[in-house]
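Take a look at the letters that make up each chain.
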Amino acid sequence: MRAIILTLVLTLAVAVGPAAAAGDAAAGAKIFAERCVRCHGKDGQGNGPDLAKLHPNSSPVNWTRSVVMKKWSDQEIVDIITKGGKAVGSSPVMPPWGGKLSDAQIQDLLAFIRTLAK
């Protein structure tokens, strides 16, 4: 009986897919518009207007590419947001937001970023 229940739970988990991030995506969209658009672009495609001016040889993550989104776990994205790119071996241009955003805001931002993948 336990094996049947476990099989059903695993089947359902695979069918539904990964759980949505715990934050509020609508609140995260506001944070993204205020803090991330300048580099990541309005739609999260990595084509923001400021990055080319500040760092012409850098390109931010295109959050709309599902292959990119599958590459990172939620915790890895939280680490990038919190610690900045350089601290996690990613872009040294990505600033750390850990001291400027609360944990709840970072979860909201993560929830929004997860909605961008096509």
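Residues numbered from 1 in each chain as written. Predicted model: local features only at pLDDT ≥ 70, side-chain atom pairs only at ≥ 80, totals over all residues. Heavy atoms only, no water.

Student: Explain the pattern of salt bridges residue by residue, including any values.
Tutor: In this structure the tally under the stated criterion is 3 salt bridges. The residue Asp-74 makes a salt bridge to Arg-114 at a minimum N-O spacing of 2.7 Å. Pair noted here: Asp-74 is in helix 6 (residues 74–83) and Arg-114 is in helix 7 (residues 103–116), with a separation of 40 residues, a long-range link. Residue class for Arg-114 comes out partly exposed when judged on its relative accessible area of 24%. In this structure, Asp-79 and Lys-83 form a salt bridge, with 3.9 Å as the shortest nitrogen-oxygen distance. In this pair, Asp-79 and Lys-83 are both assigned in helix 6, 4 residues apart and thus about one turn of the helix distant. (Salt bridge = Lys/Arg side-chain N within 4 Å of Asp/Glu carboxyl O. Helix = DSSP H or I, 4+ residues; strand = E, 2+ residues; numbered from the N terminus. Buried < 20%, exposed > 50% of the residue type's maximum accessible area, 1.4 Å probe, protein only.)

Student: Report on the layout of surface pockets, specifying residues and quantitative values.
Tutor: The calculated volume of the largest pocket comes to roughly 450 Å³. What lines the largest pocket is a set of 25 residues, and nearest its centre among them are Cys-39, His-40, Pro-60, Met-94 and Pro-95. Per element, the largest residue contribution to the lining of the largest pocket is 3 residues, and it comes from helix 3 (residues 37–40). Looking at the lining of the largest pocket residue by residue, the classes come out as 17 nonpolar, 6 polar and 2 charged. (1 Å grid on protein atoms, 1.4 Å probe; cavity = no way out; pocket = protein on both sides within 12 Å on 5 of 7 lines; lining within 4 Å. Points joined across faces, edges and corners; volume = space filled by probe spheres on them. Nonpolar A, V, L, I, M, F, W, Y, C, P; charged D, E, K, R; others polar.)

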